Amino acid sequence: MRAYIIGRITVNDPQDYQAYADQTVALAERFGGRFLVKGGEQTALEGNSPERHVIIEFPDRQAALDWYHSDDYRRILPLALSSSSRDIVIVDGI
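Please read these numbers as outputs of a predicted model, since none were measured by experiment. (Residues numbered from 1 in each chain as written. Predicted model: local features only at pLDDT ≥ 70, side-chain atom pairs only at ≥ 80, totals over all residues. Heavy atoms only, no water.)

Observations regarding the overall build of the protein
Then step 1. For the protein, the helix and strand inventory stands at 3 helices and 4 strands.
Then step 2. For 94 residues, the compact-globule estimate of 2.2 N^0.38 gives 12 Å, and the protein sits close to it at 13 Å.
Then step 3. Across its three principal directions, the C-alpha atoms of the protein cover 30 × 30 × 15 Å.
Then step 4. For the protein, buried positions account for 33% of its 94 residues.
Then step 5. When contacts within the protein are restricted to residue pairs at least 6 apart in sequence, those whose partners lie at least 24 apart make up 75%.
Then step 6. As presented, the protein carries roughly 5,900 Å² of accessible surface, and 49% of it is formed by carbon and sulfur atoms.
Then step 7. Across the protein, the 10 positively charged side chains and the 14 negatively charged ones have centroids separated by 3 Å. (Helix = DSSP H or I, 4+ residues; strand = E, 2+ residues; numbered from the N terminus. Rg over C-alpha atoms; globule rule 2.2 N^0.38 Å. Buried < 20%, exposed > 50% of the residue type's maximum accessible area, 1.4 Å probe, protein only. Contact = heavy atoms within 4.5 Å. Areas by Shrake-Rupley, 256 points an atom, 1.4 Å probe, with all protein chains shown as cover. Lys, Arg positive; Asp, Glu negative; His and termini not counted. Charge placed at Lys NZ, Arg CZ, Asp CG, Glu CD.)

Considerations on helix α1 (residues 14–30)
Then step 1. Over its 17 residues, α1 runs 25 Å from end to end, which matches the ideal 24 Å to within 8%, given 1.5 Å per residue.
Then step 2. At threonine 24, α1 shows its maximal bend, which comes to roughly 35°.
Then step 3. Of the residues making up α1, those classed as buried are Tyr17, Tyr20, Ala21, Thr24, Leu27 and Ala28.
Then step 4. If you follow the buried residues of α1, they end up packed against β1 (3–11), β2 (34–38), β3 (52–58), α2 (61–69), α3 (71–83) and β4 (84–92).
Then step 5. The first or second residue beyond α1 is glycine 32, which carries a positive phi of 80°. (Expected span 1.5 Å × (residues − 1). Bend = angle between axes of the 7 residues up to and from the residue.)

Let's talk about the pairing of β1
Then step 1. Here β1 shows a clear split, with Ala3, Ile5, Gly7, Ile9 and Val11 buried on one side and none of Tyr4, Ile6, Arg8 and Thr10 buried on the other.
Then step 2. Bridge count for β1 against β3 is 7 bridges, and the pairing is antiparallel. Bridged to tyrosine 4 within β3 is glutamate 57.
Then step 3. Sheet analysis places β1 next to β4, joined by 9 bridges and oriented antiparallel. Residue pairing in the sheet places valine 11 in a bridge with serine 84 of β4. (Pairing = 2+ DSSP bridges.)

Let's talk about the side chain of serine 84
Then step 1. If you trace the backbone, serine 84 turns up in strand β4.
Then step 2. One polar contact links the side chain of serine 84 to the main-chain carbonyl oxygen of alanine 80, over a distance of 2.6 Å.
Then step 3. Contacts of serine 84, omitting those with residues within four sequence positions, involve Ile9, Thr10, Val11, Asn12 and Tyr17. (Polar contact = N/O pair within 3.5 Å; in protein donor to acceptor, adjacent residues only side chain to side chain.)

Overview of the nonpolar core
The tendency in soluble globular proteins is for nonpolar side chains to be buried side by side.
Then step 1. By size, the foremost hydrophobic cluster in this structure holds 18 residues, and its most contacted members are Ile5, Tyr17, Tyr20, Ile56, Phe58, Trp67 and Tyr73.
Then step 2. When residues in this core are grouped by element, the largest group, 5 residues, is from α1. (Core = buried A, V, L, I, M, F, W, Y, C linked by side-chain atoms within 4.5 Å.)

A word on α2
Then step 1. Every buried residue belonging to α2 is among Ala63, Ala64 and Trp67, and all of these are buried. When α2 is viewed along its axis, its buried side chains cluster within an angular range of 100° and face the same direction.
Then step 2. On its buried face, α2 sits against β1, α1, β3, α3 and β4. (Arc of directions from axis to C-beta.)

Description of the pattern of salt bridges
Then step 1. Scanning all chains against the criterion turns up 5 salt bridges.
Then step 2. One salt bridge in this structure joins aspartate 72 and arginine 30, with 2.5 Å as the shortest N-O distance. Placement of the pair is aspartate 72 in helix α3 and arginine 30 in helix α1, with a sequence separation of 42 residues.
Then step 3. Notably, a salt bridge pairs arginine 75 with aspartate 72, separated by 2.3 Å at the nearest N-O pair. (Salt bridge = Lys/Arg side-chain N within 4 Å of Asp/Glu carboxyl O.)

The following block contains the structure:
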């Protein structure tokens, strides 16, 4: 079953965040991940919305977890944490 990492992100330091974001696509691809949404224009229809959304599709939940806990991702994660506020979840697909 496919799994999706979904991020709701507010960027506080665009330059540092970009240094993080520039590395995520190639890294996710190494774990079978594929970005379906990475920023982009949005229209909030209900509730409050952060400025940025990310959706990454993985072959399964374990691949998503392996990516998130990989040494390479953990190395760039401090850039994201210091330059943004985020809610990140893994959701199983159908």
